[in-house]
Structure formats: C-alpha cells, structure tokens
Amino acid sequence: MECVEDREALHGVAYKGTGESGDSCPGPTGRADDAGHVNGDSIIMALEDWAVALVVIGSVLAVMCLLSFVYYWFVLRYRVASSSVSMKGKTIIITGASSGIGKATALGLARRGARLILACRNEEKTAQVISEIKQKVPQGPEILYRHLDLASLQSVRKCAEQITREESHIDTLINNAGRHI
Ligand SMILES: NC(=O)c1ccc[n+]([C@@H]2O[C@H](COP(=O)([O-])OP(=O)(O)OC[C@H]3O[C@@H](n4cnc5c(N)ncnc54)[C@H](OP(=O)(O)O)[C@@H]3O)[C@@H](O)[C@H]2O)c1
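Keep in mind that this is a model prediction, so the values were computed, not measured.

Novice: So what exactly am I meant to see when it comes to the site of the ligand here?
Specialist: Surrounding the ligand, one finds 19 residues, the nearest of these being Gly96, Gly100, Ile101, Leu150 and Gly178. Residues belonging to the shell around the ligand are distributed by class as follows: 6 nonpolar, 9 polar and 4 charged.

Novice: Mind showing me how you'd approach the pairing of strand β3 (residues 143-147) here?
Specialist: Every other side chain in a regular strand lies on the same face of the sheet, so the side chains alternate between the two faces. Relative to β3, strand β2 (residues 115-120) runs parallel, the two sharing 5 bridges. Of the residues in β3, the one forming a bridge with cysteine 120 is histidine 147. In the classification by handedness, the crossover that spans β2, the intervening helix α4 (residues 123-136) and the parallel β3 is right-handed.

Novice: When you look at the sheet that holds strand β4 (residues 172-174) in this model, what are you seeing that I'm missing?
Specialist: Across a sheet, strands are paired by hydrogen bonds formed along the backbone, either parallel or antiparallel in direction. Judged by pairing direction, the sheet is parallel, and its 4 strands sit side by side in the order β3-β2-β1-β4 without closing on themselves. Every interior strand has two partners, whereas the edge strands, β3 and β4, have only one. With strand direction ignored, the average angle separating the axes of adjacent strands in the sheet is 20°. Here 3 bridges tie strand β1 (residues 91-95) to β4, and the two strands are oriented parallel to one another. In the strand pairing of β4, isoleucine 93 is matched with leucine 173. Sitting on the sheet, helix α3 (residues 100-111) touches β1, β2, β3 and β4, and the angle it makes with β1 is about 165°.

Novice: Which parts of the structure should I look at to understand the nonpolar core?
Specialist: As a rule of thumb, nonpolar side chains are buried together in soluble globular proteins. One finds Ile94, Ala106, Leu109, Ala110, Leu116, Leu118 and Ala119 to be the most contacted residues of the largest nonpolar core, which totals 21 residues. Mapped by element, the contributors of at least two residues to this core are β1, α3, β2, α4 and β3. The element contributing the most residues to this core is β2, with 5 residues. Ignoring any residue separated from it by four or fewer positions in sequence, one finds leucine 116 in contact with Ile92, Ile94, Ala106, Leu109, Ala110 and Ile143.

Novice: Please clarify how helix α2 (residues 40-74) should be interpreted in this entry.
Specialist: Taking 1.5 Å of rise per residue, the 35 residues of α2 would be expected to cover 51 Å, and the 50 Å separating its terminal C-alpha atoms lies within 8% of that figure. Along α2, only 0 of the 35 residues are buried, which leaves the element largely exposed.

Novice: How should I be thinking about the pairing of β2 in this particular structure?
Specialist: Counted residue by residue, β2 has 5 buried out of 6 residues, so it is predominantly covered. Bridge count between β1 and β2: 5 bridges; the pairing is parallel. In the sheet register, threonine 91 faces β2, and the bridge partner there is arginine 115. In this fold, β1 hands off to α3, which returns the chain to β2; that crossover is right-handed.

Novice: Please explain the UniProt feature "transmembrane region" (unreviewed entry) in the protein as it appears in this structure.
Specialist: In this structure's numbering, the residues bearing the UniProt feature "transmembrane region" (unreviewed entry) are residues 50-74. A helix fraction of 100% and a strand fraction of 0% characterise residues 50-74, whose end C-alpha atoms lie 36 Å from each other.

Novice: I keep staring at the environment of asparagine 175 and nothing clicks. Help me out?
Specialist: Along the chain, the position of asparagine 175 falls in the segment after β4. Residue class for asparagine 175 comes out exposed when judged on the 12 C-beta atoms lying within 10 Å of it. Sequence spacing of asparagine 175 and glycine 102 is 73 residues, and the spatial spacing of their C-alpha atoms is 9.1 Å.

Novice: Would you take a moment to explain the confidence of the model for the protein for this structure?
Specialist: Detailed reading of the predicted coordinates is not advisable wherever pLDDT is low. Model confidence for the protein is summarised by a mean pLDDT of 84, while 78% of its residues fall at 70 or above. Low confidence marks residues 17-33, where pLDDT is under 50. Its contacts with residues over four positions away, or in another chain, come to 31 contacts.

Novice: Before we go on, may I ask you to explain the packing of α3 against α4 in this structure?
Specialist: Two quantities define a packed helix pair, namely the angle between the axes and the distance from one axis to the other. Viewed as axis vectors pointing N to C, α3 and α4 meet at an angle of 35°, and their least axial separation amounts to 10 Å. The hand of the α3/α4 crossing is right-handed. Seen from α3, the contacting residues are Lys103, Ala106, Leu107 and Ala110; seen from α4, they are Val129, Ile133 and Lys136. Broken down by class, the residue content of the contact of α3 with α4 amounts to 5 nonpolar, no polar and 2 charged.

Rules of the game
- Residues numbered from 1 in each chain as written.
- Predicted model: local features only at pLDDT ≥ 70, side-chain atom pairs only at ≥ 80, totals over all residues.
- Near = placed C-beta within 6 Å.
- Nonpolar A, V, L, I, M, F, W, Y, C, P; charged D, E, K, R; others polar.
- Pairing = 2+ DSSP bridges.
- Helix = DSSP H or I, 4+ residues; strand = E, 2+ residues; numbered from the N terminus.
- Right-handed = clockwise from strand over helix to strand, strands pointing away.
- Axes fitted to C-alpha atoms, helices over the stretch in contact; angles between N-to-C directions.
- Contact = placed C-beta atoms within 7 Å.
- Core = buried A, V, L, I, M, F, W, Y, C linked by C-beta atoms within 7 Å.
- Buried ≥ 20, exposed ≤ 12 C-beta atoms within 10 Å, placed from the backbone.
- Expected span 1.5 Å × (residues − 1).
- UniProt positions renumbered as here; feature names shortened; annotations may be inferred.
- pLDDT = per-residue confidence, 0-100.
- Left-handed = near helix turned anticlockwise from the far one by under 90°.

Have a look at this one:
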C-alpha cells in the first residue's frame, strides 16, 4: 500500500491518509479514524498558487491592453490610407464633400490630380472646402461645386441633368453623403 510521501509526490498535495480500513497511511493525528482530512496549510498553498497565476495572467492582459492603446493612439490614429497612383485626367463626383470623410477624400484625390465635382447641399461650406483644397494643392486641377440635396428627388434629378449636360464622361461617382447614426 502506498503511503503519504508517495501520494504527495503523485498528486502534489499534502495527503494525510483516509483512515479507511486497509489504508496504511495515518491521518494528522496519527490515527486511522481521521478520515479524508487535508490540512489547512495545503489548501492555503493551493489557493496561493491560483492567486499568483491570476495575478500573472491579469498583468499580461493589462500590459497587452496598454500596448494596444499606445499603438492605436500614437501610430494607427495618424495613419492615412495613401496611394501614389495618379488620377490625372479622371473626373470624379463626390457627394457630401463639405465635411468629414468626403472632404478628406476630395483632398486626397486632388493631391493625386483628379478633377473633382463636389455635389453638396451647402454652397457656402463647399466653397470654403474648395478654397482649403486649392491652398493645399495649388497646382491641382479644377474643382467644381454642384448643388445636390439628397433629401429632395427634384434636386437629385436637377443635379444629374446638369452634370450629364456639362460633362462628356464621369470616371467615378463616390456616393458618400449621408449620416452616420
Ligand atoms: N464617420 C464614421 O465613422 C462612418 C462609419 C461608417 C460609415 N460612415 C458613412 O460615411 C459617410 C460620411 O460620413 P462622415 O462621418 O464623413 O459624415 P459627416 O461628417 O456628417 O458628413 C456627411 C456629409 O454628407 C452631407 N449630407 C448629409 N445629408 C445630405 C443630404 N441630404 N444631401 C446632401 N448631402 C448631405 C453633409 O453635408 P452638410 O455639410 O451640408 O451637412 C456632409 O458633407 C456617411 O454616409 C456615413 O454614414 C461613416
């Protein structure tokens, strides 16, 4: 019959014997009747092992979160999609270019040489955007404003008719205008 030392080595936990008949291992009192007793120290040691493991895992996760945040804040936030492909000779319509993504797209395409038609509902705001882009890209091609209010089908038809009448062709239509909810 295996005894205390053998079972401790096997299970990694202090073992004091079951006291069952035939068990040659005595309990903490040294008597065979203190059945199934595991002493308090061994429980505390097992809990301490778990606590250490949790602290280590928590620390690793916290460091990973911190590194991800730093990477996002200092690197990803400033990364802008870019391309060196020339857009010279292309005519592109961008709806909703008076702010946000549309405005940024207009600037990016102007830098790459595209001729732009900004289809927007606010003429004053769009004129300001055109002037900003022209300041940043002085050698850039033409940028036109065309009135388009997508909330009015009449305005949509009018804008489409005007562009069809004026332009020989359109290379790209960027349907950007809208609200992000
Ligand atoms: N920002 C995001 O995280 C995100 C994520 C997913 C999708 N999107 C989509 O990307 C597009 C642009 O987003 P954004 O963040 O750049 O929005 P934004 O800054 O609010 O710009 C929206 C643009 O759409 C124009 N617009 C709104 N309603 C219009 C209408 N009835 N007729 C004509 N123009 C109109 C606005 O004109 P005014 O200047 O006159 O208001 C503005 O130029 C939206 O379609 C949005 O749903 C955005």
